[in-house]
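# Per-entry structural report
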Amino acid sequence: ATDPVVNWERVDDQTSIIVGTGMVETSLNSGIFKFPSTGFWQVDFDCSWYSTSGASAYIEAIMHLSENSGTNYNDMARGRGSLYGTSATDTTHCSSLMKISNITTSYLKFEVGSGGERIGASDTNRTWFIVKKLGEI
């Protein structure tokens, strides 16, 4: 289990798809992100899993939003699954719409809970999140 998930890498093999400023971590490799502007936002989070030691009845991807500079976080979405045995793989997904009224105090972070191992890679999306602005408030 990890809270928050750290060591994120921005997509670097298709930089032409990056639109706007993007999310910024509150401090280097903190895993806690600030929104670049107010508005309505959609956040999607996928986590890939691998089992090295048998079945796991519990794998989970969670996104949290704080509206008071990280003092308290609300669960915005959870994706759950399980791994059926050794060498099994699965992906958990969660998605949420968010209204961000204050970029100074709104923080986003991701958590994973598991009996498996989280899969990450720098050459393809395996554990990832996408943040899309849908419109102005």
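Residues take numbers from 1 onward in each chain, read along the sequence in its written order. This being a predicted model, a pLDDT of at least 70 is required before a residue's local features are given, and a value of 80 or more before pairs of side-chain atoms are given or counted; all residues contribute to the totals for chains, interfaces and linings. Based on all heavy atoms of the structure, the side-chain values leave hydrogens and waters out of the count.

## Re the confidence of the model for the protein chain
pLDDT is defined as a per-residue confidence score from the predictor, taking values between 0 and 100. Averaged over every residue, the pLDDT of the protein chain is 90; residues scoring 70 or more account for 96%. Per-element averaging of pLDDT across the protein chain places strand β8 (residues 117-119) at the bottom with 82 and strand β2 (residues 32-34) at the top with 97. Strands here are runs of E lasting at least two residues and helices are runs of H or I lasting at least four, both read from the DSSP assignment and numbered beginning at the N terminus.

## Here we look at the state of the cysteines
Cysteine sulfur atoms are paired as a disulfide whenever they fall within 2.5 Å. Within the structure shown, the criterion is met by zero disulfides. Of the cysteine sulfurs around Cys47, a residue in no disulfide, the closest is that of Cys94, at 9.4 Å.

## Here we look at the nonpolar core
Buried residues of nine kinds, namely Ala, Val, Leu, Ile, Met, Phe, Trp, Tyr and Cys, make up a nonpolar core once their side-chain atoms join them within 4.5 Å. Summary of the burial criterion: residues with accessible area below 20% of their type's maximum are buried, those above 50% are exposed, and those between are partly exposed, where the area comes from a 1.4 Å probe applied to protein chains only. The biggest cluster of nonpolar side chains holds 23 residues, and the ones touching the most others in it are Phe35, Phe45, Met63, Met98, Leu108 and Phe110. Looking at this core, the elements that each hand over two or more residues are β3 (39-50), β4 (56-66), β5 (74-83), β6 (89-100) and β7 (107-114). Here the element with the most residues in this core is β3; it accounts for five residues.

## Regarding the pattern of salt bridges
Counted as salt bridges are all cases of a side-chain nitrogen of Lys or Arg within 4 Å of a carboxyl oxygen of Asp or Glu. Per the stated rule, a full pass over the model turns up five salt bridges. Here Asp3 ties to Lys109 by a salt bridge, and the two come within 3.1 Å at their closest N and O atoms. In this pair, Asp3 sits in the segment before β1 (24-25) while Lys109 sits in strand β7, placing the two residues 106 residues apart along the sequence. The partly exposed category is assigned to Asp3, whose relative accessible area is 42%. We classify Lys109 as buried; its relative accessible area is 12%. Notably, a salt bridge pairs Glu60 with Arg78, separated by 2.9 Å at the nearest N-O pair. Taken together, the residues Glu60 in strand β4 and Arg78 in strand β5 connect sequence positions 18 residues apart.

## What to know about the pairing of β7
Both faces of the sheet carry side chains from a regular strand, because those side chains alternate between them. Burial runs high along β7: seven of the eight residues are buried. As paired strands, β2 and β7 are joined by three bridges and run antiparallel to one another. Its bridge partner lying in β7, Phe33 is registered against Leu108. Two strands form a pair only when DSSP identifies at least two bridges running between them.

## Topic: the environment of Ser69
For Ser69, the position within the fold is in the loop between β4 and β5. Put simply, Ser69 and Tyr107 are 38 residues apart on the chain and 6.3 Å apart in space, counted from C-alpha to C-alpha. Setting aside chain neighbours within four positions, we find Ser69 in contact with Thr104, Thr105 and Tyr107. Residue contacts are defined here by distance: any two heavy atoms, one from each residue, within 4.5 Å place the two residues in contact.

## With respect to the packing of aromatic side chains
When two rings of Phe, Tyr or Trp (its six-membered ring) have centres within 6.5 Å they constitute a pair, described as stacked for plane angles under 30 degrees, edge-to-face for angles over 60, and tilted for the intermediate range. Counting across every chain of the model gives seven aromatic pairs. Considering the side-chain rings of Trp8 and Phe129, the 4.8 Å spacing of their centres and the 90° angle between planes classify their relative orientation as edge-to-face. Of the two residues, Trp8 sits in the segment before β1 while Phe129 sits in strand β9 (residues 128-135), which places them 121 residues apart along the sequence. Between the aromatic rings of Phe35 and Trp41, the centroid separation amounts to 5.5 Å while the plane-to-plane angle is 55°, which identifies the pairing as tilted. Residues Phe35 and Trp41 agree in their burial class; the two are buried. By the ring-pair criterion, three or more aromatic residues cluster together here, those being Trp8, Phe33, Phe45, Phe110 and Phe129.

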